[in-house]
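Okay, here's what each chain looks like letter by letter:
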Amino acid sequence: MRIGLFISSTGGASLERMIERFRVAENAGLQTAWAGHTFDWDALTLLALAGRATRRIELGSWVVPAPSRHPVALAQQAITTQLACAGRLALGIGASHPAVIEKRLGLDAARPLRAMREQLALLPRLLAGEKTEASGELYRIAVQLEDFGSERPPVLLAALGPRMLELAGRAADGVAIWLGGERFLEAHALARLDAGAASAGRARPRSVVGLPLCITTHPSAREAAERYVGPSARLPAYRSVLDRQGMAQAAEVALMGDEDRVSRELARLAALGVTDFNAIPFPVPEDPGAFDRTLAFLATQARSAR
């Protein structure tokens, strides 16, 4: 299982500081680094800049809200980013949430499965420089983007519900799962992913699981995890994931404790067939050394995964 790091934009970090965080992840030996896309940095622009400052590490978006982007515009930006980072982009996209798409952006969030189905039918062809013609419910296009000779980046679909997971298995290069712990993966997500893959006559695609993680034994760690994760976990899609795992609070899904305990939890994810882990470190104010300890732990895990 490859080990990655979510590059947090909390704390109002400058652009220079954000780029430095990608360098730190690469220098630590991690295999992947992921940029979020909310209402601060544009993830793909940030990854293009990070690509010029790094040489080895894979750079992924976690995740671009696809309903806010026309597939041609999204493909053009992704191709540019792929060239900037010399073929190391993983394009993570998702349907986002009605609270974002409708209430904040004023766009139609109805039938998200339809939107993602059409995006996944178009994006790989556009990214590969193929002539692409389509007349769907949402997108009607006839275009061929310039082929610059770079390999097409993999397209990962953020998925949590059964039909979106099946779509990821059937039509995406991988799935991005947030807040889905061992119980959720074993009892729900991976079976749906496999069902989608089987319907397309292929093996299970790449699976990237993102969870809060901190190497700390401080008594305040659980409270810190809840402060960090709890607000976003109130969104219905994430709340449903926690409910499927029988969890009252988001902090319950966090991986925390000493190195041995967290190592065992990561090993269980790998045993389920998870191919990539995206660690989202959360701060514990009463334990100021927690982040450095967590990064060192992840570096050790990455070395052992090679």
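Just above, that's the structure.
Rules used in this analysis
- Residues numbered from 1 in each chain as written.
- Predicted model: local features only at pLDDT ≥ 70, side-chain atom pairs only at ≥ 80, totals over all residues.
- Heavy atoms only, no water.
- 1 Å grid on protein atoms, 1.4 Å probe; cavity = no way out; pocket = protein on both sides within 12 Å on 5 of 7 lines; lining within 4 Å.
- Points joined across faces, edges and corners; volume = space filled by probe spheres on them.
- Helix = DSSP H or I, 4+ residues; strand = E, 2+ residues; numbered from the N terminus.
- Nonpolar A, V, L, I, M, F, W, Y, C, P; charged D, E, K, R; others polar.
- Phe/Tyr/Trp six-rings, centres within 6.5 Å; stacked < 30°, edge-to-face > 60°.
- Buried < 20%, exposed > 50% of the residue type's maximum accessible area, 1.4 Å probe, protein only.
- Salt bridge = Lys/Arg side-chain N within 4 Å of Asp/Glu carboxyl O.
- Expected span 1.5 Å × (residues − 1).
- Bend = angle between axes of the 7 residues up to and from the residue.
- Contact = heavy atoms within 4.5 Å.
- Pairing = 2+ DSSP bridges.
- Right-handed = clockwise from strand over helix to strand, strands pointing away.

## Points about the layout of surface pockets
Think of a ball as big as a water molecule: rolled over the atoms, this probe shows where empty space is left.
Step number 1: Roughly 460 Å³ of volume is contained in the second largest pocket.
Step number 2: Those elements giving two or more residues to the lining of the second largest pocket turn out to be β1 (2–7), α1 (15–27) and α11 (290–305).
Step number 3: Partitioned by chemical class, the residues of the lining of the second largest pocket number 13 nonpolar, 3 polar and 3 charged.

## Quick look at empty space enclosed by the protein
Step number 1: A full pass over the atoms with the stated rule returns 1 cavity of 30 Å³ or more.
Step number 2: One number sums up the size of the largest cavity: a volume of about 80 Å³.
Step number 3: Of all the elements in the fold, those that place two or more residues in the lining of the largest cavity are α3 (71–84) and α5 (112–127).
Step number 4: Its residues assigned to classes, the lining of the largest cavity comprises 6 nonpolar, 4 polar and 4 charged.

## Points about the packing of aromatic side chains
Step number 1: Per the stated rule, a full pass over the model turns up 1 aromatic pair.
Step number 2: Taken together, a centroid distance of 5.5 Å and an interplanar angle of 70° make the contact between tryptophan 34 and tryptophan 62 edge-to-face. In this pair, tryptophan 34 is assigned in strand β2 (residues 32–35) and tryptophan 62 in the loop between β3 (58–61) and β4 (64–65), connecting sequence segments 28 residues apart. With respect to burial, tryptophan 34 and tryptophan 62 carry one shared label: buried.

## Considerations on the pattern of salt bridges
Step number 1: Within this structure, the stated rule accounts for 17 salt bridges.
Step number 2: Residue arginine 239 is joined to aspartate 243 by a salt bridge in which the shortest nitrogen-to-oxygen separation is 3.0 Å. Here arginine 239 and its partner aspartate 243 are both found in helix α9 (residues 236–244), 4 residues apart, which amounts to about one turn of the helix.
Step number 3: Accessibility expressed as a relative area gives 25% for arginine 239, which makes it partly exposed.
Step number 4: When salt bridges with common partners are traced through the structure, they connect Arg2, Glu58, Arg206 and Asp276 into a single cluster.

## Notes on helix α7 (residues 182–199)
Step number 1: For α7, which comprises 18 residues, the first-to-last C-alpha distance of 24 Å matches the rise-based estimate of 26 Å (1.5 Å per residue) to within 8%.
Step number 2: Of all the bends in α7, the largest measures some 40° and sits at alanine 189.
Step number 3: What α7 keeps buried is the set Phe184, Leu185, His188, Ala189, Leu190, Leu193, Gly196 and Ala197.
Step number 4: Residues of α7 that are buried make contact with α6 (162–171), β9 (174–178), β10 (206–215), α9 and α10 (259–272).
Step number 5: Glycine 201 sits one or two positions beyond α7 and adopts a positive phi of about 70°.

## Some points on the pairing of strand β5 (residues 89–94)
It is a general feature of regular strands that their side chains alternate between the two faces of the sheet.
Step number 1: Across the 6 residues that make up β5, a large majority, 6, are buried.
Step number 2: Judged by which residues are buried, β5 turns out to be covered on both faces: Leu89, Leu91 and Ile93 on one side and Ala90, Gly92 and Gly94 on the other are all buried.
Step number 3: Relative to β5, β3 runs parallel, the two sharing 2 bridges. By the bridge assignment for β5, leucine 59 is matched with leucine 89.
Step number 4: Relative to β5, β4 runs parallel, the two being bridged by 2 bridges. For valine 64, the partnering residue across the bridge sits in β5 and is isoleucine 93.
Step number 5: Handedness of the β4-α3-β5 crossover: right-handed.
Step number 6: Relative to strand β8 (residues 155–158), β5 is paired through 3 bridges, and the arrangement is parallel. From the neighbouring strand, glycine 92 faces β8, where its bridge partner is leucine 156.

## Topic: the environment of arginine 268
Step number 1: Here arginine 268 is to be found in helix α10.
Step number 2: It is 20 Å that separates the C-alpha atoms of arginine 268 and alanine 250, two residues lying 18 residues apart in sequence.

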